[in-house]
Amino acid sequence: MSGSFTTNVPARLDRLPWSRFHWLVVTALGITWILDGLEVTLVGSLSPAISEGLGLSTTQIGLSGSAYILGAVLGALVFGRLTDSFGRRRLFTITVGVYLVATIATGFAWDFWSFVLFRFLTGAGIGGEYGAVNSAIQELIPARRRGYTDLAINGSFWVGAALGAAGSLIVLDPNLVDQAWGWRLAFIIGGLLALIVIYVRRFIPESPRWLMTHGHPEQAVAVVAAIEASVERASGRPLGPMDELPRLRLRPMKTSWFDIARSLIVHHPRRTVLGLVLMATQAFCYNAIFFTYALILTKFYAVPASAIGWFILPFAAGNFLGPLLLGHFFDSIGRKPMIALTYGVAGVLLCVTGWMFSEGLLTAASQTAAWTVIFFFASAGASAAYLTVGESFPLETRAVTISLFYAFGTLLGGVGGPALFGALIDTGARSQILWGYLLGGGLMLVAAVVELFLGVAAERKPLEEVARPLSMMDDAP
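Quick notes on the rules
- Residues numbered from 1 in each chain as written.
- Predicted model: local features only at pLDDT ≥ 70, side-chain atom pairs only at ≥ 80, totals over all residues.
- Heavy atoms only, no water.
- Helix = DSSP H or I, 4+ residues; strand = E, 2+ residues; numbered from the N terminus.
- Rg over C-alpha atoms; globule rule 2.2 N^0.38 Å.
- Buried < 20%, exposed > 50% of the residue type's maximum accessible area, 1.4 Å probe, protein only.
- 1 Å grid on protein atoms, 1.4 Å probe; cavity = no way out; pocket = protein on both sides within 12 Å on 5 of 7 lines; lining within 4 Å.
- Points joined across faces, edges and corners; volume = space filled by probe spheres on them.
- Nonpolar A, V, L, I, M, F, W, Y, C, P; charged D, E, K, R; others polar.
- Patch = residues over 30% accessible without salt bridge, like charges linked within 9 Å, V, L, I, M, F, W, Y side chains within 5 Å.
- Areas by Shrake-Rupley, 256 points an atom, 1.4 Å probe, with all protein chains shown as cover.
- Salt bridge = Lys/Arg side-chain N within 4 Å of Asp/Glu carboxyl O.
- Pairing = 2+ DSSP bridges.

Draft legend 1. Local environment of the overall build of the chain. When helices and strands are counted, the chain shows 21 helices and three strands. Its C-alpha atoms give the chain a radius of gyration of 22 Å, near enough to 23 Å, the size a compact globule of 477 residues would have. If one aligns the C-alpha atoms of the chain with their principal axes, the spans along those axes are about 70 × 45 × 45 Å. Residue burial in the chain is summarised as follows: out of 477 residues, 62% are buried.

Draft legend 2. Seen up close, empty space enclosed by the protein. The tally for this structure, following the rule as stated, stands at one cavity of 30 Å³ or more. In this model, the largest cavity occupies a volume close to 390 Å³. Together, 22 residues line the largest cavity, and Tyr130, Phe157, Gln282, Tyr286 and Tyr386 are the ones closest to its centre. Of all elements in the fold, only helix H2 (20-54), helix H3 (58-86), helix H5 (112-140), helix H7 (157-171), helix H13 (269-290), helix H17 (364-391) and helix H18 (398-413) reach the threshold of two or more residues within the lining of the largest cavity. The leading source of residues in the lining of the largest cavity is H13, at five residues. Its residues assigned to classes, the lining of the largest cavity comprises 15 nonpolar, six polar and one charged.

Draft legend 3. Expanded view of a nonpolar patch on the surface. On the surface, a cluster of nonpolar side chains totalling about 390 Å² of accessible area is made up of Leu70, Leu74, Leu276, Phe408 and Leu411. Within the secondary structure layout, Phe408 lies in helix H18.

Draft legend 4. Local environment of the environment of Ile94. Structurally, Ile94 is set in helix H4 (residues 88-106). Using a relative accessible area of 40% as the deciding quantity, one classes Ile94 as partly exposed. Residues Ile94 and Val446, spaced 352 residues apart in sequence, show a C-alpha to C-alpha distance of 37 Å.

Draft legend 5. Quick peek at the side chain of His22. Structurally, the position occupied by His22 is in helix H2. The exposure class assigned to His22 is buried, which follows from its relative accessible area of 0%.

Draft legend 6. A look at the sheet that holds strand S2 (residues 248-250). Overall, antiparallel pairing links the three strands, which are arranged S1-S2-S3 in an open sheet. In this open sheet, the two edge strands, each paired with only one partner strand, are strand S1 (5-7) and strand S3 (472-473). With three bridges joining them, S1 and S2 adopt antiparallel strand pairing. Within the sheet, the bridge partner assigned to Thr7 lies in S2 and is Leu248.

It is worth stressing that arrangement in space is one thing and function is another; only the former is reported here.
Here you go:
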């Protein structure tokens, strides 16, 4: 960890054409959000069955959602710091292992407290994934496609949501599965799917950017050389000379919490405010509504619990298509205008839909259609929040910064959301629930305005240009 060196590793990574290697990264790391979506949707779709099976009230279902989020918050804080210290690859294997064990255990919960505990531990595993996976994605994907790729991967959460919704239709069908075991079986199968993730991730290398800042420049070069060789073999043509690629001079260093705090508060205070606002507002909006989605349908539209999955499928489709169809505009038009637009449109539509719900103007189908349109935009904006936080701060603190913003943003906006909406739904009054929708929509509008003033133009720029590494020296050749 002593001595300085020059490197062109970042430039070599950014010049790579899109290849099978990048598809492997997208597949292996994107599975995380598919599992997260599967997990959250299972609780949303199966909440009436879980409530009946364990004798839980609506408020207790909401509290179990808050327990999951709280676990994710603490997991992000602990595992995020470890990711910057011990590497992306090692930690995204450990965290998915925690998820696997805790999710299977959820299927064997016997009362409210055991269910809450296992949900908390499951959240801890998923929360740990946020820092490890997002930092690895951003450090391995070329700058010109970083925005679109990151949004598409984060949007894959909703592929898992669709799978969870479809699976609920099966496990809640009394003709196919014993209803005493239906919801339990869903959790057990969901946990076992994590074994596939662990296997696929064996083929993802450690981030060369992490290696070069932790005293392993030779290993970083070897990893990049192997990636380049695979790209050249697949394309059948050389990548070209490296003489003109920009180089950095770095000195390996160990970061402390003081370095992290100074980066956030002294060097990048505007970016810190921006990240907190974006993360907190989208967390409240999403968690408050999605964790109580099934409860709205069953209590106010008399939708049978066994049919909830049919209503979640279009909602999940809208959420996935948002980042997929709008994502490339975040690289072409730019981060600032697109984030402000998606947050703002989602906020306005959420307020309007809340009013229509309170006035009894919606049916189950039109309510679902409205949510689908709202979160087509909100999903792209929320995914961009993770992108913004990851690329706006130095390389040496990327994972812990993502984790800190996820943790504090979710703690501010996500933990109270499900419990608040659960309590509002318990009142049985549409006028009370309207206040929750207005709060969620208003927060999204505030975030849109903050983005316009504090947003970072990071599109198509190398990470090291967007945020100077702490270990960077000024005398690079």
